[in-house]
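Chains, contacts and geometry: an overview
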Amino acid sequence: MIRIFTLDEFDPALLKQLTKSLYTAFGVGAEHSGPVTAPHGQQEPYDANKLLEAMPKVSALADDKVLFLTSRKLAPRKLASGEAPTFGLARYSAQRAVVTSVGIKNLADNIKLLARYAMQEIGHTYGLHHCLDPRCAMYPQWTPSYVTGDSTFCTFCRDTVDAKIRTTKS
Amino acid sequence: MPDMNSLAVGDRLVYPNQGLCTVTEIKTEEIAGSKLTFVSLVIIETGAKVKVPKEKLEKNGVRRVSTADDVKKVIDYLKSDSEKASLDWKKRARDNTARLSEGGLIGLAEVVKGLQVLSELRPLPPKEREQYNDARHLFVEELAAAMGVTPADAEDAFDILLFVPGKERPKRSIEEFQGMGEDGDELGMDGDLLGLDGDDGGGGSEESSSDEEKSEDGESEEGGDEDGDGEKKKKPAAAAKAPKLPKGAKPSVMNDLEVTAPAATALAENAPKKRGRPPKPKPELTGPPPPPKKRGRPPKPKPETTEPPPPPKKRGRPPKPK
């Protein structure tokens with residue numbers, strides 16, 4: 001099950017579309033599980049790593065995936081080789097991920113792009129890595145062609161995530 | 001890098017093709033009268049337990065997690081425009097397997113970058129796509145442990161070098177991959193697979209030297225009827241190569257008028273011998289051509305009889321007597 005927790009206010013119709021896209025992509029249930037408040041001391045732009053660490057416990061089963069959705073900016077991460085633009089972040093092969101809708105113009109028309117961001121982060125929680133196929137949702141988000149793609153996986157990522165979900169269930 | 005002699009419980013090691021593992025126990029056991037020191041490892045990702053004799057750790061390729069210097073070298077390598085992956089799939093597969101098992105962190109980086117650059121030329125086949133994913137997974141895991149960051153940050157740290165932000169990946173051409181000291185076959189197939197032998201003179205391959213082509217031309221001058229088609233095909237290739245001669249140099253190939261009998265025999269002697277049975281000489285035709293043979297069994301000869309033919313037999317049951 002994919003549980004979406006909102007840190008800010010979102011249109012319920014949009015959230016419904018997002019859950020539908022995630023259900024189609026992963027083949028597991030997805031729902032909006034309610035709002036949560038950002039932990040104290042977190043200011044915009046959020047540090048995605050600290051946010052994931054500091055977020056309070058939410059009710060979820062062990063094999064559930066938890067996606068925090070925010071409309072505030074996530075600060076670019078400073079890494080050893082440079083600065084990485086951050087549209088979302090996930091704990092690999094773990095439970096938690098965060099995605100921002102900042103940078104998506106006219107969210108009502110571009111819910112597909114938000115779904116694509118969300119798919120990538122949830123894909124990371126299932127252990128997927130970045131993909132070589134520009135049409136795949138696991139392609140790096142900072143490439144210019146990413147925003148034009150559909151909210152789908154390539155065959156390889158689709159098979160990998162299916163296998164992961166099957167092994168998690170059993 | 002410290003060697004395997006100074007191992008302690010809790011140390012993190014890298015098991016080739018398996019990933020990070022932790023030393024859980026170092027114990028000396030007596031087996032068949034000899035004392036052996038065993039190191040128990042737990043692979044972090046899967047939780048699998050491995051018990052290896054201490055002497056065999058290095059032989060199995062087990063090594064310590066890379067240091068910050070290694071990470072710096074890897075980042076420099078990823079930034080550089082390194083050499084392209086081999087187009088010969090057998091060589092590539094052999095190299096990549098060796099790098100994954102004993103190449104260390106830089107070996108993993110080479111596999112990831114090599115296959116990624118190759119994917120800019122053409123999509124990877126499923127087996128290599130899987131190998132790419134495995135290499136990426138091991139690379140991310142070790143890089144995260146070496147840098148002391150989360151795997152997400154480790155992956156993005158090298159992906160912003162491979163997929164530059166704000167830029168699309170370049171499209172590669174086959175020319176960039178050629179000239180790597182190999183045959184440069186587009187399909188990645190060896191000559192052996194295609195059935196082309198280098199020493200087969202009659203092959204007429206494109207790679208044959210100009211001298212060989214000359215001799216083939218000489219041979220085709222006096223060749224039988226069989227080679228007519230082949231000759232027609234070879235001529236444009238020879239004509240295409242003709243302008244490559246240096247300025248002022250006379251072409252050494254004689255044309256039809258210049259060929260004299262001794263020269264032709266000399267050319268024929270120099271020409272490589274054809275393999276296989278020579279063609280049968282055709283008989284000279286004197287009369288009109290015979291009519292084409294009818295296929296199938298010949299019809300039976302009809303018996304000559306004077307009696308009228310018997311009436312045809314009535315079929316079915318004979319009528320009941322009244």
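Presented here is a report on the structure given in the accompanying data block. (Residues numbered from 1 in each chain as written. Chains lettered and ligands numbered in written order. Predicted model: local features only at pLDDT ≥ 70, side-chain atom pairs only at ≥ 80, totals over all residues.)

1. What to know about the sheet that holds strand S1 (residues 12-15) of chain B
All names here are of chain B.
- With antiparallel pairing, five strands are arranged side by side in an open sheet as S4-S3-S2-S1-S5. Every other strand in the sheet has two partners, leaving strand S4 (49-53) and strand S5 (63-64) as the edge strands with one partner each.
- One ladder, built from 10 bridges, connects strand S2 (residues 19-31) with strand S3 (residues 34-43); its direction is antiparallel. Counterpart to valine 23 in the pairing with S3 is leucine 41. (Pairing = 2+ DSSP bridges. Helix = DSSP H or I, 4+ residues; strand = E, 2+ residues; numbered from the N terminus.)

2. What about helix H3 (residues 104-119) of chain B?
- Taking 1.5 Å of rise per residue, 16 residues should cover 22 Å, and H3 of chain B covers 23 Å from first to last C-alpha, within 8% of that figure.
- Most of H3 of chain B is tucked away, with 13 of its 16 residues classed as buried. (Expected span 1.5 Å × (residues − 1). Buried ≥ 20, exposed ≤ 12 C-beta atoms within 10 Å, placed from the backbone.)

3. Quick notes on the pairing of strand S1 (residues 2-6) of chain A
All names here are of chain A.
- Taken across its five residues, S1 has four buried, putting it largely inside the fold.
- Pairing geometry for S1 and strand S2 (residues 30-35), over five bridges, is parallel. Considered in S2, the bridge of isoleucine 4 is made with histidine 32.
- Between the parallel elements S1 and S2, the chain passes through helix H1 (residues 12-26) in a crossover that is right-handed.
- Here five bridges tie S1 to strand S3 (residues 65-70), and the two strands are oriented parallel to one another. What sits directly across from threonine 6, in S3, is leucine 69. (Right-handed = clockwise from strand over helix to strand, strands pointing away.)

4. Some details on the nonpolar core
- The biggest cluster of nonpolar side chains holds 47 residues, and the ones touching the most others in it are Leu22, Leu67, Ala118 and Ile122 of chain A.
- Of all elements in the fold, only S1, H1, helix H2 (48-54), S3, strand S6 (88-90), strand S7 (96-100), helix H3 (111-125) and helix H4 (155-169) of chain A reach the threshold of two or more residues within this core.
- A per-element tally of this core places H3 of chain A first, with eight residues.
- Setting aside residues no more than four positions away along its own chain, alanine 118 of chain A makes contact with Leu18, Leu22, Leu67 and Val99 of chain A.
- In terms of nonpolar packing, the next biggest core, distinct from the first, is built from 28 residues, Leu105, Val112, Phe139 and Ala146 of chain B among them. (Core = buried A, V, L, I, M, F, W, Y, C linked by C-beta atoms within 7 Å. Contact = placed C-beta atoms within 7 Å.)

5. Topic: the environment of lysine 73 of chain B
- Inspection of the secondary structure assignment puts lysine 73 of chain B in helix H1 (residues 68-79).
- Each C-alpha atom, one on lysine 73 of chain B and one on leucine 105 of chain B, is 9.6 Å from the other, the two residues being 32 residues apart in sequence.

6. Focus: the interface of chain A and chain B
- Each partner contributes residues to the interface: chain A has 21 residues there, and chain B has 26 residues.
- Those elements giving two or more residues to the side of chain A that touches chain B turn out to be strand S4 (77-79), strand S5 (82-84) and S6 of chain A.
- Looking at the side of chain A that touches chain B residue by residue, the class counts come to 12 nonpolar, eight polar and one charged. (Nonpolar A, V, L, I, M, F, W, Y, C, P; charged D, E, K, R; others polar.)

7. Overview of the sheet that holds S7 of chain A
Residue and element names in this part refer to chain A.
- Judged by pairing direction, the sheet is mixed, and its five strands sit side by side in the order S2-S1-S3-S7-S6 without closing on themselves. Each of the sheet's edge strands pairs with one partner strand only, and the pair in question is S2 and S6. For this sheet the average axis-to-axis angle between neighbouring strands, irrespective of direction, equals 20 degrees.
- In this sheet, S7 lies alongside S6 in antiparallel orientation, the contact comprising three bridges. Looking across to S7, one finds that alanine 90 is bridged to alanine 97.
- Sitting on the sheet, H1 touches S1 and S2, and the angle it makes with S2 is about 140 degrees. (Axes fitted to C-alpha atoms, helices over the stretch in contact; angles between N-to-C directions.)

8. Focus on the packing of H3 of chain B against helix H4 (residues 126-147) of chain B
Residues and elements named next belong to chain B.
- Where H3 meets H4, the closest approach of the two axes is 9 Å, and the angle between their N-to-C directions is 140 degrees. Judged by the angle between their axes, H3 and H4 are oblique. Crossing of H3 against H4: the hand is left-handed. Of H4, the residues touching H3 (which contributes Leu105, Leu108, Ala109, Val111, Val112 and Leu115) are Glu128, Tyr132, Ala135, Arg136, Leu138, Phe139 and Glu142.
- Split into classes, the residues belonging to the contact of H3 with H4 amount to 10 nonpolar, no polar and three charged. (Parallel < 35°, antiparallel > 145°, perpendicular 65-115°, else oblique. Left-handed = near helix turned anticlockwise from the far one by under 90°.)

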